[in-house]
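One letter stands for each residue in the lines below.
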Amino acid sequence: MRSPPFFAILIIAAAIAGGPAGLLAQRADSTAQLGLGASSAIQMHAGVGQIKHAALGPEFGAALDLGFIGTPRVRVGVGIDYLAMVIDRPDSLGVRERGNGYVFTAFADATLLPSLGRRLSPYGGVGFGVDAVGTTISNEQIGSLYNTNVFDLHAQIGALFRVAPRGYVSLEARATGARVVRRLGVRLGYAWFYNQLPQKR
């Protein structure tokens, strides 16, 4: 099984590093919009996901809010996900192969978060990512499919339920389109909002 490539992690580092440059470009009396200075929340999640030719597998990850675009209700974030699975599929000769696999993802997305003023707050978003895919299957044909790196596009809908003044439990469904590892997932998480909470007007 191949190790996830370091360039996937660099996507997140580059996005965070861009924050200070964006802040310097703004006027001294303006409010930060993107970067660590405008960061508003951190979230961790766990759940299940599934790709074609694989059993339902555990998934976990984390995301960091990096500010907003245009309005505080459109949040920009980066994060990582890890999905483990057992792949079970035949090759072109009909020989069934079975082995462990994973999808490690570094992603960025934009999320519409209408309001946190209510106890229950729905949200939705879209984004893209880089998937590092690996498997223990030694079959040359199947191994070549699942030992690769691919780009993905994803969309998610969910809701936040306030359990503390700045703490929210999240429930989310996410669909991801990618070559070989197109997948669906459901996640339960916890988000801590510490700055710039978008309130209902």
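What you are looking at is a predicted structure, and each value in this text was computed from that prediction instead of being measured.

1. Details of the pattern of salt bridges
Part 1: Counted under the stated rule, the structure contains 10 salt bridges.
Part 2: Linking D109 and R174 is a salt bridge whose minimum nitrogen-to-oxygen distance equals 3.5 Å. In this pair, D109 is assigned in strand 4 (residues 96–112) and R174 in strand 7 (residues 167–178), connecting sequence segments 65 residues apart.
Part 3: The buried category is assigned to D109, whose relative accessible area is 11%.
Part 4: The closest approach of N and O atoms between R183 and D152, which form a salt bridge, is 3.8 Å. Of this pair, R183 sits in strand 8 (residues 183–193) while D152 sits in strand 6 (residues 148–162); the two residues are 31 residues apart in sequence, bridging distant segments of the chain.

2. Looking at the confidence of the model for the chain
Detailed conclusions should not be drawn from predicted coordinates in areas where pLDDT is low.
Part 1: Taken residue by residue, the chain gives an average pLDDT of 85. The fraction at 70 or more is 81%.
Part 2: Per-residue pLDDT stays below 50 along residues 6–30; that stretch engages in 25 contacts with residues further than four places along the chain or on separate chains.

3. Brief notes about unusual backbone geometry
Most peptide bonds are trans, and most residues other than glycine sit at a negative phi.
Part 1: Even without being glycine, H53 reaches a positive phi, approximately 70°.
Part 2: Following the sequence through the fold, H53 ends up in the loop between strand 1 (41–51) and strand 2 (57–69).
Part 3: Classification of H53 as partly exposed rests on a relative accessible area of 30%.
Part 4: In this structure, V180 takes a positive phi of about 75° despite not being glycine.
Part 5: Within the secondary structure, V180 is located in the loop between strand 7 and strand 8.
Part 6: The class of V180 is partly exposed, set by a relative accessible area of 25%.

4. Concerning the packing of aromatic side chains
Part 1: Per the counting criterion, the structure on display carries 4 aromatic pairs.
Part 2: With 5.8 Å between their ring centres and 15° between their planes, Y82 and Y102 make a pair best called stacked. Within this pair, whereas Y82 is found in strand 3 (residues 71–90), its partner Y102 is found in strand 4, the two being separated by 20 residues in sequence.
Part 3: The partly exposed category is assigned to Y82, whose relative accessible area is 25%.
Part 4: On the basis of relative accessible area, Y102 is assigned to the buried category, the value being 2%.
Part 5: Between W192 and Y194 the ring centres are 5.0 Å apart and the planes differ by 50°, which places this aromatic pair in the tilted class.
Part 6: By relative accessible area, Y194 is classed as partly exposed at 29%.

Definitions and cut-offs
Residues numbered from 1 in each chain as written. Predicted model: local features only at pLDDT ≥ 70, side-chain atom pairs only at ≥ 80, totals over all residues. Heavy atoms only, no water. Salt bridge = Lys/Arg side-chain N within 4 Å of Asp/Glu carboxyl O. Helix = DSSP H or I, 4+ residues; strand = E, 2+ residues; numbered from the N terminus. Buried < 20%, exposed > 50% of the residue type's maximum accessible area, 1.4 Å probe, protein only. pLDDT = per-residue confidence, 0-100. Contact = heavy atoms within 4.5 Å. Phe/Tyr/Trp six-rings, centres within 6.5 Å; stacked < 30°, edge-to-face > 60°.

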